[in-house]
Amino acid sequence: MFAKVLMRRIGNIQFTYKTRKLSSKPRLAIVGSGPAGMFACNGLLRKSNFLVDVFEYSPVPFGLVRYGVAPDHQEVKNVINTFDAMFEKNRERLRLYCNVKIGQDITFDELTRGYDAVLLAYGSYKARKLGVPGCDSKNVISGSDFVGWYNGVPNAPTPDLSASNVVIVGNGNVALDCARVLSTASSGSLRISDIPDERLSVLEKTATKDIKILGRRGPENVSFTIKELREQFKIQEWDSKLEISETDLKNLIESLPKLERKKKRLTEVLVKNTGTTSGLRQCHFLFHRVPKEVVADSNGMVRELVVENTETSKTETFPCELLIYSIGYETLVLDGVPQNENKMIDMKDHCRVNMNAECPAHVYATGWCAHGPRGVIVDTQQQSSFVADQIASDFIHTRHSIAPGVDLVLNERKVPFISWDAWKMIDQQERDQGKLSGKIREKFTTFEKFLSKRLE
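Residues numbered from 1 in each chain as written. Predicted model: local features only at pLDDT ≥ 70, side-chain atom pairs only at ≥ 80, totals over all residues. Heavy atoms only, no water.

As named in an unreviewed UniProt entry, the protein chain is NADPH:adrenodoxin oxidoreductase, mitochondrial, taken from Caenorhabditis nigoni. Within the UniProt record for the protein chain, the comment given under Subcellular location (unreviewed entry) is "Mitochondrion". (UniProt positions renumbered as here; feature names shortened; annotations may be inferred.)

Caption draft 1: Geometry of the overall build of the protein chain. Scanning the protein chain for helices and strands turns up 16 helices and 16 strands. For 456 residues, the compact-globule estimate of 2.2 N^0.38 gives 23 Å, and the C-alpha radius of gyration of the protein chain, at 24 Å, lies within 12% of that figure. Taking all 456 residues of the protein chain together, the buried fraction comes to 55%. If you take every contact in the protein chain between residues at least 6 apart in sequence, the share linking residues at least 24 apart comes to 76%. Carbon and sulfur atoms provide 50% of the accessible area of the protein chain, an area that totals close to 21,100 Å². For the protein chain, the centre of its 63 positive side-chain charges and the centre of its 56 negative side-chain charges are spaced 5 Å apart. (Helix = DSSP H or I, 4+ residues; strand = E, 2+ residues; numbered from the N terminus. Rg over C-alpha atoms; globule rule 2.2 N^0.38 Å. Buried < 20%, exposed > 50% of the residue type's maximum accessible area, 1.4 Å probe, protein only. Contact = heavy atoms within 4.5 Å. Areas by Shrake-Rupley, 256 points an atom, 1.4 Å probe, with all protein chains shown as cover. Lys, Arg positive; Asp, Glu negative; His and termini not counted. Charge placed at Lys NZ, Arg CZ, Asp CG, Glu CD.)

Caption draft 2: Spotlight on the UniProt feature "binding site: NADP(+)" (unreviewed entry) in the protein chain. Under the local residue numbering, the UniProt record ascribes the feature "binding site: NADP(+)" (unreviewed entry) to Asn171, Gly172, Asn173, Val174, Arg216, Arg217, Glu228 and Gly375. Checked against the element boundaries, asparagine 171 lands in the loop between strand E7 (165-169) and helix H8 (173-184). Apart from residues no more than four positions distant in its own chain, asparagine 171 is found in contact with Ile213, Leu214, Gly215, Val222, Ser223, Phe224 and Phe287. Inspection of the secondary structure puts asparagine 173 in helix H8. Setting aside its immediate chain neighbours within four residues, asparagine 173 contacts Ser223, Phe224, Thr225 and Glu228.

Caption draft 3: Expanded view of the packing of aromatic side chains. Following the criterion strictly, the structure yields 15 aromatic pairs and no others. Pairing phenylalanine 87 with tryptophan 420 gives two aromatic rings, centres 4.2 Å apart and planes at 5 degrees, and the pair type is stacked. Taken together, the residues phenylalanine 87 in helix H5 (residues 79-89) and tryptophan 420 in helix H16 (residues 420-435) connect sequence positions 333 residues apart. Across this residue pair, the class does not change: phenylalanine 87 and tryptophan 420 are buried. Ring centres of tyrosine 329 and tryptophan 368 lie 5.2 Å apart, and the angle between their planes is 40 degrees; this geometry places the pair in the tilted category. Separated by 39 residues along the polypeptide, tyrosine 329 in strand E15 (residues 329-330) and tryptophan 368 in helix H13 (residues 368-371) bring together distant segments of the chain. Each of the two residues, tyrosine 329 as well as tryptophan 368, counts as buried. (Phe/Tyr/Trp six-rings, centres within 6.5 Å; stacked < 30°, edge-to-face > 60°.)

Caption draft 4: Summary view of helix H14 (residues 377-394). Its 18 residues place the ends of H14 26 Å apart at the C-alpha level, agreeing with the 26 Å of an ideal helix rising 1.5 Å per residue. Taken together, the buried positions of H14 are occupied by Thr380, Ser384, Val387, Ala388, Gln390, Ile391 and Ala392. Structurally, H14 contributes buried residues whose contacts are with helix H2 (35-47), strand E4 (117-120) and strand E16 (362-365). (Expected span 1.5 Å × (residues − 1).)

What follows is the structure, encoded as structure tokens:
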């Protein structure tokens, strides 16, 4: 394998030829520093002799762990401690390049010529559009954008939270996270979380009193996990109920004996919390509602959502000053990465990308890149561990490499990036600043002063 790769690389000698020399270890590039990439990285550092460079689009690492996990679920974010220890233990073999955009700062072709192997683990960040008339109205936002905003994503637009009536389209955990944060923000319970102060102050002034969570199918098709669902029903001062037909309730009850344990427990929670909401603050779980039109006022601000009730074949109109949709994601495929007929990465098997024979590197994918947006962090960990085993096995006899990495290219183009040491400085400053107000950390939302244009 080494001889074959050597000949391919010689054919591309014009690419940073000055840095090409035989090294003691093969090189791996990981695109994405979220759970999928980091779990695979951890496995590969233990099971192979790779030198690993991690590239992250965002200014800081850890992807959805930092910007996607709910701020009231800090225990889930503790996985960062594992990743932190991994970087500290492997400083001689592992480097981090945040704020580097593969496909823009470095092309995918350049990446494959700079490394012996490339692992795509950048997730799927493009939310699927609602796709109905009026969906571009003001204050119509995706669930991932709303989650990113309150989690401190840089340059995220601020939603108008003066809305009394909120509609959330979607029956997954992102929809529940959005509803729960809106339901609890005004109570002050999020003040110890890692929501940036500037965004927390907006959340705490929310005027939300009515939330409707709409499912396009029946209650038996929800993708909630039991922990998140129970949390919504336990929120004080809010009455949350499934408002479903007698037919749906009957079907749920009759299905219970046939369900596997996990699904059965979830269905029992659904059945237990059916009824009609009352009180000053209400959260309604409604089903069989398909969005048909977003109605805006003269200023372009959303005011109503028109839906079709497929159970009754009637049209319904809900007042709505904030519309959040969470109906899945579209897989983003980098320029140069082969696509299949479904516009996803063309996979040769469960982890290997179907590259052409001229590609000098072995290319792999894991997580949402490989199989679409599904599963939770535990699922990602298991899959990425398996992918690490496969990559290590493919390179078990590869002891040497001429792959130069992309240091020279980054320097020549003066690409500003944040290294591991720069991130640790940010991390410590965020923690120190958070302690002053009793918070876990005070997330920064701008990082210009930490960016470096020179490689050490």
